[in-house]
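Overview (structure and organization)
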Amino acid sequence: MKWFGWKAAGREESRPALDRARSRFASAMGGEVPRSYAAQVRSLYLGNAIAQRAVRLIAEGIGDAPLLGAPEIVALVRARSGGQALGATVAAQLLLHGNAYVQLLTDARGDVVELFALPPERVTVEPDAAGWPVAYRYAVGDRIVRLIADDPAGRPQIVHIKGFHPLDDHYGLGCLAGAAGAIALHNAAAAWNTALLANAARPSGALLYDPADGSTLSREQFDRLRAEMEAGFAGVGNAGRPMLLEGGLKWQPLSLTPADMDFTSMKATAAREIATAFGVPPMLLGLPGDATYANYKEANRALWRLAILPLAGAILAALSQALGGWFEAPALSVDLDRITALAEDRERLWTQVGAADFLSPEEKRAMLGIAPVGVGDA
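The rules behind each value
- Residues numbered from 1 in each chain as written.
- Predicted model: local features only at pLDDT ≥ 70, side-chain atom pairs only at ≥ 80, totals over all residues.
- Heavy atoms only, no water.
- Buried < 20%, exposed > 50% of the residue type's maximum accessible area, 1.4 Å probe, protein only.
- Helix = DSSP H or I, 4+ residues; strand = E, 2+ residues; numbered from the N terminus.
- Salt bridge = Lys/Arg side-chain N within 4 Å of Asp/Glu carboxyl O.
- Pairing = 2+ DSSP bridges.
- Axes fitted to C-alpha atoms, helices over the stretch in contact; angles between N-to-C directions.
- Parallel < 35°, antiparallel > 145°, perpendicular 65-115°, else oblique.
- Left-handed = near helix turned anticlockwise from the far one by under 90°.
- Contact = heavy atoms within 4.5 Å.
- Nonpolar A, V, L, I, M, F, W, Y, C, P; charged D, E, K, R; others polar.
- Core = buried A, V, L, I, M, F, W, Y, C linked by side-chain atoms within 4.5 Å.

Quick look at helix α5 (residues 86-96)
For α5, a buried count of 11 out of 11 residues is recorded, marking the element as mostly surrounded by other parts of the structure. Burial in α5 covers these residues: Leu86, Gly87, Ala88, Thr89, Val90, Ala91, Ala92, Gln93, Leu94, Leu95 and Leu96. Directly beyond the C-terminal end of α5, a positive phi value near 95 degrees is found at glycine 98.

Here it is, written out as structure tokens:
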């Protein structure tokens with residue numbers, strides 16, 4: 001019963017009040033939903049290869065990371081629910097939306113049997129008079145389901161994991177909002193290049209009409225010449241085809257202007273900004289010109305140290321805290337010894353700890369994250 005006493009009246013009264021005005025929950029119909037997020041996903045993320053690859057690198061790394069913990073808890077986190085992999089789904093939601101809501105589904109006996117990540121754009125927080133969440137509204141079309149935050153025993157039914165937002169007490173801030181400008185610029189550059197290939201919007205040269213008598217082309221002659229140019233020389237299929245000119249026509253080749261060259265470099269800069277927003281080394285996304293990392297191996301190690309492991313730690317800590325009402329000591333963590341990208345770091349640590357003669361065997365095992373001798377043995 002010690003677990004059930006954590007939510008006592010004294011604790012509720014000592015809580016500071018939160019700002020209810022910023023909550024997206026506004027009425028019984030589900031309140032305001034983050035439509036801007038859905039619009040950004042459709043117009044920016046779904047059509048951008050750099051942003052998609054950056055999110056997938058982190059999300060799939062977390063989803064496939066080896067875990068340490070009780071076997072039944074690891075199996076619960078690893079199990080697919082509705083076809084989704086929990087770790088990868090929650091990581092992607094945090095990167096894009098800034099919020100992840102994991103529903104703890106129980107059986108008839110009240111035991112947790114499934115973990116399901118709710119789409120964050122469908123969830124709104126319902127605060128109490130002091131601004132603290134008491135329920136969550138899940139809306140799909142016209143149907144709205146009210147999910148209580150905690151059961152009568154004080155155990156959480158919804159795990160809300162969120163990124164830090166300096167101006168909101170209830171919702172986190174994702175990386176997509178910060179990268180929106182760079183993604184829009186990158187998408188515009190891709191559309192521009194597609195138009196160039198499709199209809200030669202920027203000509204490689206100009207066809208000049210310069211007869212000796214100084215006459216000009218008639219409308220009929222101009223239209224016929226333009227039709228012949230589009231049919232015989234414009235587009236990808238006619239690239240490099242030689243011209244045969246007559247009647248005062250001559251070809252004047254054109255080169256890229258400094259503005260065109262700046263536009264090309266601008267696209268590369270936007271791609272690096274997208275990678276920076278999501279915390280992925282640009283080298284891993286195939287972007288040249290970045291000299292921050294000596295080689296691919298160092299970039300991969302930096303991805304794990306600076307992006308994957310911190311986010312995985314936040315997700316696993318939140319799940320461990322929520323599952324404490326059903327399991328004893330439900331500690332979850334990433335098994336660093338089984339991560340290939342960190343093999344050299346772990347080898348160096350093992351060598352240093354093994355050479356430390358002033359440490360006892362028990363202290364060495366503790367530093368390496370290994371249980372003491374006899375603990376966990378059958």
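The rest of the description comes next.
Structural notes on the pattern of salt bridges
Taken as a whole and assessed by the stated rule, the structure comprises 14 salt bridges. The closest approach of N and O atoms between arginine 155 and aspartate 151, which form a salt bridge, is 3.1 Å. We note that arginine 155, like aspartate 151, is buried. Connected through salt bridges with shared partners, the residues Lys297, Glu298, Arg301, Arg305, Glu344, Asp345 and Arg348 form a single ionic network.

Regarding the pairing of strand β4 (residues 123-127)
In terms of burial, β4 is largely enclosed, as 5 of its 5 residues are buried. Both faces of β4 are covered, namely the face carrying Val123, Val125 and Pro127 and the face carrying Thr124 and Glu126. Of the strand pairs in this sheet, β4 and strand β5 (residues 133-140) are connected by 5 bridges, and their pairing is antiparallel. By the bridge assignment for β5, proline 127 is matched with proline 133.

Examining the packing of α5 against helix α9 (residues 296-322)
Packed helix pairs are specified by the crossing angle of their axes together with the interaxial distance, meaning the distance between the axes. Running from N to C, α5 and α9 point in directions that differ by 115 degrees, and their axes come no closer than 11 Å. As judged from the angle between their axes, α5 and α9 are roughly perpendicular. Of the two elements, α5 crosses α9, and the hand of that crossing is right-handed. Contacts from Leu86, Gly87, Val90, Ala91, Leu94 and Leu95 in α5 reach Leu311, Ile315 and Leu319 in α9. A class-by-class count of the residues in the contact of α5 with α9 yields 8 nonpolar, 1 polar and no charged.

So, the side chain of asparagine 48
By the secondary structure assignment, asparagine 48 is in the loop between α2 (35-45) and α3 (49-64). Its relative accessible area of 2% is what places asparagine 48 among the buried residues. Residues contacting asparagine 48, with those up to four places away along its chain left out, are Ile183, His186, Asn187 and Ile274.

With respect to the nonpolar core
Note that soluble globular proteins tend to have their nonpolar side chains buried in a common cluster. Core analysis: the biggest nonpolar cluster contains 67 residues, and Ile58, Val90, Leu115, Phe278, Val280 and Ile315 have the highest contact counts within it. For this core, the leading source of residues is α9, giving 13 residues. Once residues lying within four places of it in the same chain are set aside, the contact partners of isoleucine 58 are Leu95, Phe278, Val280, Leu303, Ala307, Ile308 and Leu311. Counting residues in each nonpolar core, the second largest holds 10 residues, with Tyr101, Leu147, Ala149 and Tyr171 among its members.

Note that all results are geometric; they support no functional claim without further evidence.
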